[in-house]
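# Examination of the molecular architecture
If you want the building blocks of each chain, they are given just below.
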Amino acid sequence: MIRTTFATITALLALALPAAAADDFIASPTLRASVTVTSDVVRVGDLIDNAGSAALIPVYRSPDLGTTGTLTVAQVLSVLRAKQVIGVMTGDLKEVQVTRLARTLANKDLETAVASALERRFGLGDAANITVTFDRGVAEMRLDASNSGALQPVATRYDARSGRFDVAFEIANDSNPAPTKLRFTGTAIETVEVAVLTRDIERLDLLKSSDVALERRPKAEVTGEPASRDRSVGMQLRRPMRAGTPLRAADIVKPDFVVRDQNVIIIYQVPGLYLTSRGKAIESGAEGDTVSVLNVQSKRTLTGVVTGRGQVTIQGASQSAPMAPAVEQTSSLKRDEAPAPVDTAALLRNLVQAPASPAQIAEAQIPQARVSQAQAK
């Protein structure tokens, strides 16, 4: 009896196994909530899983490149029934979103491609300095996602006089042996980055940061070396200039610290001595320039270096020649003898009344130096 029961159970299990395997293999078609397509049509296999032999049947036109469309579940089921696709599981879905993939070429990408095709050709420079303008405004361009290749220029024409270009490109297509062809026309001009005045500037005005802005201008408009913004701030112009004018390196100069006919301070300076006197500038000069000034007390014309605003310094000649060796070579003092005291009052009187030259200042301070200079001559 037990053997008979066991045999019966075994037979039932054997019959049940093929049915279970069949259920596992044949899954129910299920509607997708989100669909992504690359072609221009939506097929049954795009909308539902486990579509079987009906997967390649087209049912909708795809949305525009790079866009997403929405379909209600009722609409989808109605279309599927018309194609003899039934028994689709929808769950709790209310709508289906369909997105068409695309390759987007932004306007900047296209400008860069054209500039690269023209780079260092037809008398143009680097691509980064070429400004491209298309004949028709191109915000962006969308291509089928199968166009995965790079933009390859195959024909390039350019007129240097007018700046007109005509460039043709090809893009490799994954789904088509023939490449996709694109063609663009417009103008291309080489530009330079230059400092531009934001307001009218007079000759003696110091350029402030707010007075100068950076702009790209056609290279043909800027003759000579363009001035950088950093180099321009704090400088003066060689002549008055109007707002919007691009600056060249030749247009700017160091600011005048001394202006002609200006009252200045004259500084007489040698090692160990520092005197000042009133003077009047005979010519203008920037810091470090050599200018002539009039000593208003002695009525003598002197030459000095501009060292500050309203300040001209006359350096002693002794600064260029070390003093200690000169004393040792020319002094007749014995080792134990002390040098004669310097007549400070006479020295001051001599400098203020008529210091004709820096050499005289050095002579007044150290008489022995005169003998050394004479021997050198």
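Numbering of residues starts from 1 in each chain and follows the order in which that chain's sequence is written. Owing to the predicted nature of the model, reporting of local features is limited to residues with pLDDT of at least 70; listing and counting of side-chain atom pairs is limited to 80 or more, with chain, interface and lining totals taken over all residues. Values shown for side chains rest on all heavy atoms present in the structure; no hydrogens or waters enter the calculation.

## Focus: the overall build of the protein chain
What counts here: Comment: elements are numbered from the N terminus, with helices defined as DSSP H or I runs of at least four residues and strands as E runs of at least two. Under the scheme applied here, a residue whose accessible area is under 20% of the maximum for its type counts as buried, over 50% as exposed, and between as partly exposed, the area being computed with a 1.4 Å probe on protein chains only. Note on definitions: a residue-residue contact is assigned when non-hydrogen atoms from the two residues lie within 4.5 Å. Each accessible area is a Shrake-Rupley estimate made with a 1.4 Å probe; only the visible protein chains count as cover when residues are assessed.
Assigned secondary structure in the protein chain consists of 9 helices and 23 strands. Across the 377 residues in the protein chain, those meeting the buried criterion constitute 33%. Of the contacts made within the protein chain by residues no fewer than 6 positions apart, 53% connect residues no fewer than 24 positions apart. When the accessible surface of the protein chain is split by element, carbon and sulfur atoms take 53% of a total near 22900 Å².

## Some points on the confidence of the model for the protein chain
Short version of the rule: Each residue carries a pLDDT value, the predictor's own confidence for that position, ranging from 0 to 100.
Per-residue pLDDT for the protein chain has a mean of 79; in total, 77% of the residues score no lower than 70. Confidence scores differ between elements of the protein chain, with helix α9 (residues 368–376) showing the lowest mean pLDDT of 39 and strand β11 (residues 152–159) the highest of 96. With pLDDT under 50 throughout, residues 317–335 is counted as low confidence; its partners more than four residues away or in other chains account for 15 contacts. The low-confidence segment residues 360–377, where pLDDT is below 50, has 19 contacts with residues more than four positions distant or belonging to other chains.

## Notes on the sheet that holds strand β7 (residues 95–100)
Going by this rule: For two strands to be treated as a pair, DSSP must find at least two bridges joining them. Here the axes come from fitting lines to C-alpha atoms, over the contacting stretch only for helices, and the angles between their N-to-C directions go from 0 to 180 degrees.
Here we have 3 strands laid out as an open sheet, ordered β2-β7-β6, and mixed in their pairing. Both edges of this open sheet fall to β2 (34–37) and β6 (68–72), since each of them pairs with a single strand only. With direction set aside, neighbouring strand axes in the sheet form an average angle of 25 degrees. Examined bridge by bridge, β6 and β7 share 5 bridges and lie antiparallel to one another. Paired with Gly69 across the strands is Val98, a residue of β7. Here helix α3 (residues 73–82) sits on the sheet and contacts β6 and β7; the angle it forms with β6, its principal contact strand, is near 75 degrees.

## Some thoughts on the sheet that holds strand β23 (residues 311–315)
Strand order in this closed barrel of 5 strands is β18-β19-β21-β22-β23, and the pairing throughout is mixed. When the angles between neighbouring strand axes are averaged without regard to direction, this sheet yields 50 degrees. Taken together, the 3 bridges between strand β19 (residues 273–281) and strand β21 (residues 290–295) define a ladder with antiparallel strand orientation. Directly across from Gly279, in β21, lies its bridge partner Asn295.

## Looking at the pattern of salt bridges
Side chains that differ in sign of charge can pair as their charged atoms come close. Under the convention used in this document: Salt bridge criterion: a side-chain nitrogen from Lys or Arg within 4 Å of a carboxyl oxygen from Asp or Glu.
Applying the stated criterion to the full structure yields 17 salt bridges. The shortest N-O distance in the salt bridge between Lys219 and Glu190 comes to 3.9 Å. Separated by 29 residues along the polypeptide, Lys219 in the loop between β14 (212–218) and α5 (229–232) and Glu190 in strand β13 (residues 176–197) bring together distant segments of the chain. With relative accessibility at 46%, the residue Lys219 sits in the partly exposed group. With its nearest N and O atoms 3.5 Å apart, the salt bridge here joins Lys208 to Asp211. Look at the salt bridges and you will find they share partners, linking Arg157, Asp166 and Arg183 into a network.

## Considerations on the environment of Val212
Relative to the assigned elements, Val212 resides in strand β14. Put simply, Val212 and Leu247 are 35 residues apart on the chain and 9.1 Å apart in space, counted from C-alpha to C-alpha. What Val212 contacts, discounting residues up to four positions off in sequence, is Ala195, Val196, Thr198, Leu207, Arg229 and Ser232.

## Quick look at helix α4 (residues 107–118)
Applicable threshold: A helix is expected to span 1.5 Å for every residue after the first.
Here α4 spans 17 Å end to end across 12 residues, near enough to the 16 Å set by a 1.5 Å rise per residue. Within α4, the full set of buried residues consists of Asn107, Leu110, Ala113, Val114, Ala115, Ala117 and Leu118. Tucked inside the fold, the buried residues of α4 contact β8 (102–106), β9 (130–134), β10 (140–144), β11, β12 (164–173) and β13. Backbone geometry just after α4 places Arg120 at a positive phi near 55 degrees.

## Focus on the side chain of Arg100
Rules: Any pair of N or O atoms that falls within 3.5 Å is considered a polar contact. Within protein, one atom must be able to donate a hydrogen and the other to accept it, and sequence-neighbouring residues count only if both atoms are side-chain atoms.
Mapped onto the fold, Arg100 is located in strand β7. The exposure class of Arg100 is buried, given its relative accessible area of 13%. Separated by 3.3 Å, the side chain of Arg100 and the backbone oxygen of Ser39 make a polar contact. Of note is the side chain of Arg100, whose polar atom sits 3.4 Å from the backbone oxygen of Pro63. Ignoring sequence-local partners within four residues, the contact set of Arg100 consists of Val37, Thr38, Ser39, Asp40, Ser62, Pro63, Asp64, Leu65, Gly66, Thr67 and Asp144.

## Digging into unusual backbone geometry
Although it is not a glycine, Gln84 adopts a positive phi angle of roughly 65 degrees. With respect to the helices and strands, Gln84 occurs in the loop between α3 and β7.

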